[in-house]
Each structure stands twice: as structure tokens, then as C-alpha cells.
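An overview of the molecular structure
Here is what each chain is made of, one letter per residue.
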Amino acid sequence: MEFSRYGEDGVRIVFGDTIDLEVNKLIRKYYFFLKALGLKEVIDIIPSFTSCLIRFDRRRISFSDFLLLLKDKAKDIDTVRVPEPRSHEIPVRYGGEYGPDMKFVCSYAGLTEAEVVEIHASTIYTVFAVGFLPGFPYMGILDKRIYAPRLETPRLKVPEGSVGLAQLQTGIYPFESPAGWRIIGKTDVCLFDNKKKPHSLFRIGDTVRFVAT
Amino acid sequence: MIEIINPGWFSIVVDSGRYGYADVGIPASAALDHFSYSMANYLVGNEMDGPVLEVTGSGFSLKFDVDVTCAVTGAEVIAYLDDRSVMPWRSFTARAGNTLRVKEVLEGFRYYIGFSGVMEADRVINSFSTNIECRFGGYRGRPLLKGDRIELNSARIIGERFIPEDVLPSLSPPYILRILEGPEMGRFTEDTVAGLIEGGAQSWYTVSAKVNRTGIRLEGNPLVFKKGVDTTIISEGILPGTIQVPGDGLPIITLYERTIGGYARLALVAKADHDLLAHLKPKDKVIFTIIGVEEAERLWNRKIEHFYRALPQ
């Protein structure tokens, strides 16, 4: 764990420098630990692939005191029980009107659509971060055989539920939004609900399997 | 009740923001100019974190069907209540049947309109702020349109209040933005960084036409990455005011609608200058100048003192 400052009221804690399941486990553990502590000095925690970014309440505590507090608390990390990751099955309609980039992904990979679907749906993915849009899961690790670069120019709009991939990641757009990832399918599962708790279907560390329908 | 006659370019309901859920990607969607926003509430006698309207562009007008105290803060505007001119930064009484019209924006970009009482808006996940992309909060989760009617509960008239002139923000470009080192500053050439420190020609940028509540894209001399370094990062958390630089070298100042970014984070705008970001409009010039974090803290403290100086003792 490497602590550094991020602006006046941020602390960045780096756990690794690659997309890695072990790093994800460490970050997940630290995130749930910090959340369970319920420190009044903490405003927001953003866990992602390689780090946790914490925004603290500078009116309550200075950076140096907050850093000491975090380091002191970190000794107790093993006293908190971390919830088990949840596993999700997400039905997807692949290709056709639901997956405007399926043809590109197939030709880039030199595979048939059936093969791309088979590969995409046979991997169990891990949620590395939730963000960009509320509830958007950054998932990995995609099978190298279906690697595809991002769009050069993002689409202005993809429908809610669009399933995309980019490099070695796959994700689902919870809302109609602009998108730079290659869209290969669509799901009807609701990923984010502002009226229900928890608001986001996914949390860091959850596992996801896609099922072709 | 108020009825929107003309929403200007863009107007939404905002408050001090939505916090505590950035872990699942829920952004703050806060009022961009926090000082002006808070003062709009103070002037009309509301809680300092109540909902107000955040408006961009001239032409905005609304009609009252109640008697209520009202105030306009933020950008320097020329506004009228029917044919009577109203001063910004000073509360005024609107009567049922009056129309408030913002004829011109002289300096700055966004302004705030507060009303005594409680604007009936959707409070979602602890905030009235509108999340436009996800369509929740504020007025039906969307920008205001002509003909929208917003209920004002417990509308009332209070004594006149004003903000002393010496604490008002100075809004005239070029804007000097003080910035702090970001995690990926080391990916840029020494010349690029030196240019930002000295505040030389290299540090002048022009605000492009791509300005919205998510971010501000700048145009000018591209910032130069060192040879062979990655121009993207493994997506990671960002805070408001983070300056990201995509491969084309042109900086983007991220505002209050994103929690995760994927471009190199060159720098962060110092907190003391965050309110200014609300007022960067296309073609404005900005000058970056790097400062240390102690200096940033000092400036922020001064800004907070300033804030309290605006309020009566």
C-alpha cells in the first residue's frame, strides 16, 4: 500500500500497477474495511483496478492527521469480515441490431460470431471498478482472442443495457449514453436503480457470467 | 409556483451535491460555483444547501404566481423584474404576476436563482441536484423547458439581504487557474511542465466549444508526453477539478459528473479556483500556473474566510 496525496482533500492508495485479480482482492478488502469503519472524516471512496481514492473532509481533519489515522486503522484490517463477492448471471442478446460492433469484433479476431459469443460467454468476469456512469461495471479479464480496440470516435448514444468490450475489458452501459467501447449485445437486466438500495447491482469483486439468449 | 417562460441555453435544479456513493459511480452533480450557489440560498433566507436554479446563457425568464423573495448570484447579469431592473447579489421581492427576465450575461457563464421557501424538486440519493445523464434528481431529472411549472412550498417574503461588494468574485478572463501536480505529471516532458510553472505562453489555453457540466475541453499548444510513455492509464478514481490529457495533448478539466477517468491526470485545479470553473465559456482564455499543496491549502483557507465574510456577523 502506497499512500500519496491527491489535491487538497484526496488520498490515493495504490495497491499495484496492473489489472490483476490478486490486486483486486486487496483493494476490495481494504474498501470494505474502510466502509465498515464508517469514519466521519471520509466523504467518498473510489476503489478501482489499482487503487483506492479517498476524498476526506478537510474541515474535520488535516491531510497529515488523516494519513496517520488511515495508517493506524490499517493495522486492524483483518478484524473486519469482508462480505463474499456476489455472482451474477446476465442474459445477453448478442449481435444483430443489439450488437452493432459484432461484425468488427469477429473480423478483428478472425472468428465467427458463434465463436466470439462462445468465448465472451464462457469466461467468468470479475468487477474491477464501478463508475464512469453510476452502476457501470468495468469487468475483466477478457479472453485475448476477442481483444478489440476502442472506437476511434465514440458513439454519441448507445441504448441502456448495451454490452461492450474494449481491450481486455468488458462492461455494460446502465443508461443510454455516449460509448467508446465495441458494442456486441444487449441485456434487459437493470443495473442501477436510484430508488432501491443497493443502488448498483454490481460491487467491486462481484463475478459475472454472460448467458447468450 | 413559478413557470419557466424561457429556460435560456440550459437550466437545472442543483444543490451542494450527492456524496457517499462515488464507489458505485454516482457523481456529485453539485452546483459548479459553490460560493454563488450558497449565497443565492443565504439571500433568500433558506438553508445554505437548499435547491436553487443554475442557469447558463441569457434570455432566461420565469413568471411568478406567488409573492416571494428571490435573488440572482453568480455571473454578472442584467436582469429585470417586469420593467424594473434588479441587482444581482441582493434579494428582491417578486409579486404574483411578475416576470423575471435575464437579458444579458456580461461576465461569467452560470448564474443562480434562489427563492424563499422550498422548491418542489426530486430529492434522490440525498440530493436535489439533477443528474442529467441518468435522468434523476432535480426537476424530473432533466433540464428545464418552456412551460415547466415548479411549485414553491412555504413561499415567503423576508427582509432585504445583500452580499458586500468586496467579497464578490472577479469574473473577467483571462482566468488564472492555479493547479497542483497530478499523479501522471511525470509522463509529460520537462519543457511542458516548466511551461506550466512559469506561466509562460505555453500555459495559455482557450476554452473550446465543448463545455458542459461533465468537463471543459481546452485548445492551444498540445501538452507533450515523453517518448514511449502510455497516454492512457488503467481507469482510476478522479476528483472534481482533475485535468486529464488525452493522446492529442489538449487538456480536459473534469467537473462534477465523473468518478473514474482513463486519461493521464496531469494536474488538479486548486480548490480555491473551483468556483471559477463554472464561468469558463467558449473562447475565454485561461492561464495555468503550478503551485504547491501548502500554497493551495492557504488559498483555500482564505477562500473559506472570504465565504464567511460575505455573511453578517
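Quick caveat: nothing in here was measured; it's all calculated off a predicted structure.

It is worth spelling out the interface of chain A and chain B at this point. Each side of the interface is counted separately: chain A has 40 residues, and chain B has 41 residues. The largest share of the area that chain A buries against chain B comes from Tyr-6, Glu-8 and Arg-58 of chain A, three residues that together contribute 21% of it. Put simply, chain A and chain B have five salt bridges between them. The partner of Glu-297 of chain B in a salt bridge is Arg-5 of chain A, and the shortest N-O contact between them spans 2.4 Å. Linking chain A with chain B are 17 residue pairs in polar contact (both at pLDDT 80 or more). Here the element with the most residues in the side of chain A that touches chain B is strand β3 (residues 42-47) of chain A; it accounts for five residues.

Moving on to the environment of Leu-32 of chain B. Residue and element names in this part refer to chain B. Summarising the element assignment, Leu-32 is placed in the loop between β2 (10-14) and α1 (34-43). Sequence separation between Leu-32 and Arg-309 is 277 residues; the distance between their C-alpha atoms is 21 Å. Setting aside anything within four residues of it in sequence, one finds Leu-32 in contact with Glu-54, Arg-110, Tyr-112, Arg-213, Leu-255, Tyr-256, His-274, Asp-275 and Ala-278.

The next thing to look at is helix α2 (residues 63-73) of chain A. All names here are of chain A. Residues Phe-63, Phe-66, Leu-67 and Leu-70 constitute the buried set of α2. The buried side chains of α2 occupy one side of the element, clustering within an arc of 100 degrees when seen end-on. Packing partners of the buried residues in α2 comprise β1 (2-6), β2 (10-14), α1 (21-37), β3 and β4 (51-56).

All names here are of chain A. Of all the six residues making up β4, six are buried; the element is thus mostly covered by neighbouring parts of the structure. Residues of β4 alternate between two faces, with Ser-51, Leu-53 and Arg-55 on one and Cys-52, Ile-54 and Phe-56 on the opposite face, all of them buried. One ladder, built from five bridges, connects β2 with β4; its direction is antiparallel. Across the sheet, the residue bridging to Val-11 is Ile-54, located in β4. Pairing of β3 with β4, which is carried by five bridges, proceeds in the antiparallel orientation.

All names here are of chain A. Within the open sheet, the four strands sit side by side as β1-β2-β4-β3. Their pairing is antiparallel. Two strands bound the open sheet, and with one partner strand each, they are β1 and β3. For this sheet, the mean inter-axis angle between neighbouring strands, taken without regard to orientation, is 20 degrees. Sheet strands in contact with α1 are β2, β3 and β4, and its direction is about 20 degrees off that of β4.

Before going further, it helps to spend a moment on the domain arrangement of chain B. Residues and elements named next belong to chain B. You can read the domains of chain B as domain 1 (2-166) and domain 2 (175-309). Here the C-alpha centre of domain 2 lies 28 Å away from the C-alpha centre of domain 1. With 29 residues of domain 1 in contact, the opposing surface of domain 2 contributes 21 residues. Carbon and sulfur atoms make up 55% of the surface buried where domain 1 meets domain 2, a total of about 2,000 Å² over both sides. On the domain 1 side of the contact with domain 2, Leu-32, Phe-109 and Arg-110 bury the most area, a combined 30% of that side's loss. At the junction of domain 1 and domain 2, the tally comes to three salt bridges.

Okay, the nonpolar core next. If you look at the biggest cluster of nonpolar residues, it comprises 42 residues, and the most contacted ones within it are Tyr-112, Ile-216, Ile-253, Leu-266, Leu-280 and Phe-288 of chain B. Considering every element that reaches this core, the biggest residue donor is strand β18 (residues 260-269) of chain B, with four residues. Both domains that meet at this core, namely domain 1 (2-166) and domain 2 (175-309) of chain B, each give it at least three residues. One finds Cys-106, Val-127 and Phe-202 of chain A together with Ile-26 of chain B within the second-largest nonpolar core, a separate group that totals 34 residues.

A negative phi angle is the norm for most residues apart from glycine, just as the trans form is the norm for most peptide bonds. Backbone torsion omega between Lys-197 of chain A and Pro-198 of chain A reads -5 degrees, so that peptide bond is classified as cis. For Pro-198 of chain A, the location among the structural elements is in the loop between β12 (182-186) and β13 (207-212). Here the amide bond leading from Pro-173 of chain B into Pro-174 of chain B is cis, since omega sits at 5 degrees, within 30 degrees of zero. Mapping Pro-174 of chain B onto the fold places it in the loop between β11 (152-153) and β12 (175-181). Within the chain, Phe-132 of chain A stands out as a residue other than glycine whose phi angle is a positive 70 degrees. Within the secondary structure, Phe-132 of chain A sits in the loop between β6 (125-130) and β7 (137-140). Positive phi, normally seen in glycine, also occurs at Trp-89 of chain B, with a value near 65 degrees. Mapped onto the elements of the fold, Trp-89 of chain B is located in the loop between β6 (84-86) and β7 (92-94). The buried category is assigned to Trp-89 of chain B, whose relative accessible area is 8%.

Once that is clear, we can look at a nonpolar patch on the surface. Together, Ile-19, Leu-21 and Ile-141 of chain A make up an exposed nonpolar region whose accessible area comes to about 210 Å². Structurally, Ile-141 of chain A can be placed in the loop between β7 and β8 (155-158).

Next up on the list: the state of the cysteines. In total, this model carries zero disulfides over all chains according to the counting rule given. With no disulfide partner, Cys-190 of chain A has as its closest neighbouring cysteine sulfur the one in Cys-134 of chain B, 12 Å distant. A relative accessible area of 5% places Cys-134 of chain B in the buried class.

In this section: the domain arrangement of chain A. Where interface size is given, it is often the accessible area lost as the parts come together that is meant. All names here are of chain A. In terms of domain boundaries, chain A breaks down into domain 1 (2-79) and domain 2 (87-212). The centre of domain 1, based on its C-alpha atoms, is set 28 Å off from the matching centre of domain 2. In this assembly, domain 1 packs against domain 2 so that about 980 Å² is buried in total across both faces, 74% of it on carbon and sulfur atoms. Counting the surface domain 1 buries against domain 2, the share from its top three residues, Ile-19, Asn-24 and Phe-49, is 48%. Our count for the contact surface shared by domain 1 and domain 2 stands at zero salt bridges. At the junction of domain 1 and domain 2, the tally comes to two residue pairs in polar contact (both at pLDDT 80 or more). The element contributing the most residues to the side of domain 1 that touches domain 2 is α1, with six residues. Counted by class, the side of domain 1 that touches domain 2 contains seven nonpolar, two polar and two charged residues.

The rules behind these values
- Within any chain, residue numbers begin from 1 and follow the written order of that chain's sequence.
- To read the labels, note that chains go from A and ligands from 1, taken in the order they are written.
- Reporting in this predicted model follows two pLDDT cut-offs: at least 70 for local features of residues, and 80 or more for side-chain atom pairs to be given and counted; totals over whole chains, interfaces and linings ignore these cut-offs and use all residues.
- Processing note: side-chain calculations cover all non-hydrogen atoms of the structure and skip hydrogens and water entirely.
- Only heavy atoms matter for contacts: two residues are in contact if any of them lie within 4.5 Å across the pair.
- Using a 1.4 Å probe, buried area is obtained as the accessible area two parts lose upon being combined, added over both of them.
- Definition used for salt bridges: Asp or Glu carboxyl oxygen within 4 Å of a side-chain nitrogen of Lys or Arg.
- Pairing of N or O atoms within 3.5 Å defines a polar contact, subject to two protein rules: one partner must be a possible hydrogen donor and the other a possible acceptor, and residues neighboring in sequence count only if both atoms are side-chain atoms.
- Put simply, DSSP marks the helices as runs of H or I at least four residues long and the strands as runs of E at least two long, and each gets a number from the N terminus on.
- The classification of residues rests on relative accessible area computed with a 1.4 Å probe and restricted to protein chains. Under 20% of the type maximum is buried, over 50% is exposed, and intermediate values are partly exposed.
- Regarding the arc, it is the one traced by the directions from the helix axis to the C-beta atoms.
- In this analysis, strands are considered paired if DSSP registers two or more bridges between them.
- To get an axis, a line is fitted to the C-alpha atoms, and for a helix only the part in contact is used. The angle between two axes follows their N-to-C directions and goes from 0 to 180 degrees.
- How far each domain reaches was decided by an automatic or database domain assignment.
- To form a nonpolar core, buried Ala, Val, Leu, Ile, Met, Phe, Trp, Tyr and Cys residues must be joined to one another through side-chain atoms within 4.5 Å.
- Patch construction takes residues with relative accessible area above 30% that form no salt bridge. Like charges are linked within 9 Å, and nonpolar side chains (Val, Leu, Ile, Met, Phe, Trp, Tyr) are linked within 5 Å.
- Surface accessibility in these figures is a Shrake-Rupley result with a 1.4 Å probe; residues are shielded only by whichever protein chains are displayed.
- Disulfides are defined in this document as cysteine sulfur pairs within 2.5 Å.
- Nonpolar residues are Ala, Val, Leu, Ile, Met, Phe, Trp, Tyr, Cys and Pro. Charged residues are Asp, Glu, Lys and Arg, and all others, Gly as well, are polar.

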